[in-house]
Amino acid sequence: SDTAQVGCIPFHASGARSRVATGRGRLNVGTTSGIALVGAWLPSLLRLPCPWEGLRCCSDGVHALCSEAPLDVGALCHGLSRSLGEEVKPLVDPSLGARGAEDRGVISDGSTGGDAGSCALLAHDVGSSGSNDGRRLLAWSFASEPALTRPLRVSAAAAGVALNIHGLLAPCSTDRHSPQACLGLKLPMLWRLLPALRPRDTILIVDAYDVLLMAPPHVIQQTFDARGEAAILFSAEQGCWPDEELQDAYPSSSSPFRFLNSGVLVGTAEGLHRAAEAICRSFGGPSECIAPGRVEPGPGISDQRCYTWYFLTLGQAAKVVLDDTLRLAISAGGLPPDSCRWAASGALQCLDILLAPAAFHGNGIDGKSTLESLWTHHPAGLAALTPLVARCQAADPAATLSPLRFGHGAASPRGWLGHAAIARARSDSALAAFVDTSLCFDHTVRITAVRAALAEDGHRVAAACGRGHGGRGQARLTLQVYEVSGSGQFQLQRQAIVRWAQGMCSELTPLGPDGGPLQVEAGMCLGWRVAAPGDAAPLYDEPSASLGEDGGEPCAVGAPTVLWHRAPHSNAPGGPPASFVAGAAR
């Protein structure tokens, strides 16, 4: 697409938006290979194309950790591992190359962006329950110092939110009064991201060093939607900062939290783009923002000053609102140290607020002290966990009352998934039909794309990459939907075939079923049929409950347990149920 300059923001024409609207980056059952995170343990995770060239991303197992440092992705991940004291791997397997990345939806429609195979954006499908309206939520933060992001990363992982942290290792100063202040890079980096998104995409933006995130994606989206037609929802605080003289310019409110705070905000990509255009058009950049009524920029660089100007001058027309009810976040600056505490359920209780906020922002000196206390005294021991282990524990379906969910139950409108879609090391060639009892759903889902480790010529192969050999001309997977009708009784309801053309690698390329997505209703289980040498199972494993106590890898993946039919498969859709034997390790 052509790129134009709108103000000081590069804006890509509509073609760039349609490029990421293809949905090929969706991480559904069997499509997470090549990305170093537990995708299927995160609610409705999507993977979008790289937003610009030169960006390289690693992963701590849950989040995208991205930098423009002049390092190859391997060196970048090694450096982040040493800084964080955690295992960090490339977000996308660098051995795939450009073609492998394109097969997995990282780069769509032949467009280029970033270093092929080393960069992606993570987002969540937050379409309204029971619909497929394509709404997406992307969580974003700017950080130059990796080690200071741990509270945010661990809390977000437990809540089920995949973060995109950009700016790591940037050569800048954390002193906002310095000419090289990192705050001078935060807004420009966000503005570079916006053109890669759809106008209706929701973006959650949080400070990286003093925020705890405590709500899953669908709750964050509901909090934003509850404000009606708002384009941007800012968190609110009790003090007017950084320009105290502006407090009389704010509208009156019955809440003491009546001043804008930019530490936590959520808005549409279109609304944030309009704010960016106005700030750029008026000042040129964040370092030049001037408070209303002044003629010179105030001391220090502050994105909050820029957004305060936008709210006070254009906010009503631009549909910018403040979170004075503290549903989005509570800003602790100015609060007594004992104002917030953890309930036994893991929910945060602050003041006399009945509904727990989605985020806690420890702004100011006193806010930092409260943050430190909350971080070290959470009932589930947040401070002792890595993001990967926090997500593994929180997503465990057996832990129905886990305080790691911050008071949110396991049963939610979007569901908590306790199943990982990770490439298997080998394929199977048994001729049988399988019902996978780890893939029984508590809400309706649509299987849009899968990969499959298909045997070639009926033999197990190390590559597990069916290419339609043996005169078949194609490789195929028969997906089936079973209704559970009793103990060990399953009734086949429908099935659909996924086909890979000759020469196409079924393990690398996710494709959809014939006739469109396969729907699996609540209470039903997914299965598959292995009826010929070219047939085989989807790629997946069931997560182990082991968290590494025995010296093994945390959240290690083992072989699943399935129920299989010992007789030749002859079930017809809607026919009588067939008897299956007890679970057998495959």
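Our subject is the structure listed above.
Residues numbered from 1 in each chain as written. Predicted model: local features only at pLDDT ≥ 70, side-chain atom pairs only at ≥ 80, totals over all residues. Heavy atoms only, no water.

Participant: Any chance you could break down the overall build of the chain for me, citing the residues and the numbers?
Facilitator: When helices and strands are counted, the chain shows 10 helices and 29 strands. Long-range pairs, those at least 24 residues apart, make up 73% of the contacts in the chain with a sequence separation of at least 6. Surface summary for the chain: the accessible area is close to 22500 Å², and the carbon and sulfur share equals 52%. (Helix = DSSP H or I, 4+ residues; strand = E, 2+ residues; numbered from the N terminus. Contact = heavy atoms within 4.5 Å. Areas by Shrake-Rupley, 256 points an atom, 1.4 Å probe, with all protein chains shown as cover.)

Participant: How would you summarise the packing of aromatic side chains if you had to cite specific residues and measurements?
Facilitator: Under the definition given, this model contains 6 aromatic pairs. With a centroid separation of 4.9 Å and an interplanar angle of 75°, the aromatic rings of F283 and W309 are classed as edge-to-face. Here W309 lies in helix 8 (residues 303-318) and F283 lies in helix 7 (residues 269-283), a separation of 26 residues in the sequence. Neither F283 nor W309 differs from the other in exposure class; each is buried. The rings of Y250, F259 and F311 are connected pair by pair, giving a single aromatic cluster. Above the ring of W52, the side-chain terminus of R192 is found at 4.2 Å from the ring centroid. (Phe/Tyr/Trp six-rings, centres within 6.5 Å; stacked < 30°, edge-to-face > 60°. Buried < 20%, exposed > 50% of the residue type's maximum accessible area, 1.4 Å probe, protein only. Lys NZ or Arg CZ within 6 Å of the ring centre and 35° of its normal.)

Participant: Describe the side chain of N363, listing the residues and the values that go with them.
Facilitator: As for its position among the elements, N363 is in the loop between strand 18 (359-361) and helix 9 (364-376). Polar side-chain contacts of N363 include one of 2.8 Å to the backbone nitrogen of G333. Among all residues touching N363, those that are not within four sequence positions of it are D210, E237, N261, S331, A332, G333 and K368. (Polar contact = N/O pair within 3.5 Å; in protein donor to acceptor, adjacent residues only side chain to side chain.)

Participant: How would you sum up unusual backbone geometry? Please name residues and give values.
Facilitator: The residue after W241, namely P242, is reached through a cis peptide bond having omega 10°. Summarising the element assignment, P242 is placed in the loop between strand 12 (232-237) and strand 13 (259-268). Phi at L169 is positive, roughly 65°, even though this residue is not glycine. Mapping L169 onto the fold places it in the loop between strand 9 (163-166) and helix 5 (183-193). Phi is positive for K319, close to 60°, though the residue is something other than glycine. Along the chain, the position of K319 falls in the loop between helix 8 and strand 14 (320-323). The class of K319 is partly exposed, set by a relative accessible area of 44%.

Participant: Could you give an account of the sheet that holds strand 11 (residues 211-213), with specific residues and numbers?
Facilitator: As summarised here, the arrangement of the 3 strands in space is 11-18-15, forming an open sheet in which the pairing is mixed. A single partner strand is all that each edge strand has here, and the edge strands are strand 11 and strand 15 (329-331). Strand-to-strand twist across the sheet, computed as the mean angle between neighbouring axes with direction ignored, equals 10°. Taken together, the 3 bridges between strand 15 and strand 18 define a ladder with parallel strand orientation. From the neighbouring strand, I330 faces strand 18, where its bridge partner is F360. (Pairing = 2+ DSSP bridges. Axes fitted to C-alpha atoms, helices over the stretch in contact; angles between N-to-C directions.)

Participant: I'd like a description of the pattern of salt bridges, backed by residues and values.
Facilitator: Applying the stated criterion to the full structure yields 16 salt bridges. As a salt-bridge pair, D207 and K186 come within 3.0 Å of each other at their nearest N and O atoms. Residue D207 is found in the loop between strand 10 (202-206) and strand 11, and its partner K186 is found in helix 5; the two are separated by 21 residues along the sequence. According to the relative accessible area criterion, D207 is partly exposed, its value standing at 21%. Among the salt bridges present, the one from K186 reaches D303, with a minimum N-O distance of 3.3 Å. Of this pair, K186 sits in helix 5 while D303 sits in helix 8, and the two are 117 residues apart along the sequence. (Salt bridge = Lys/Arg side-chain N within 4 Å of Asp/Glu carboxyl O.)

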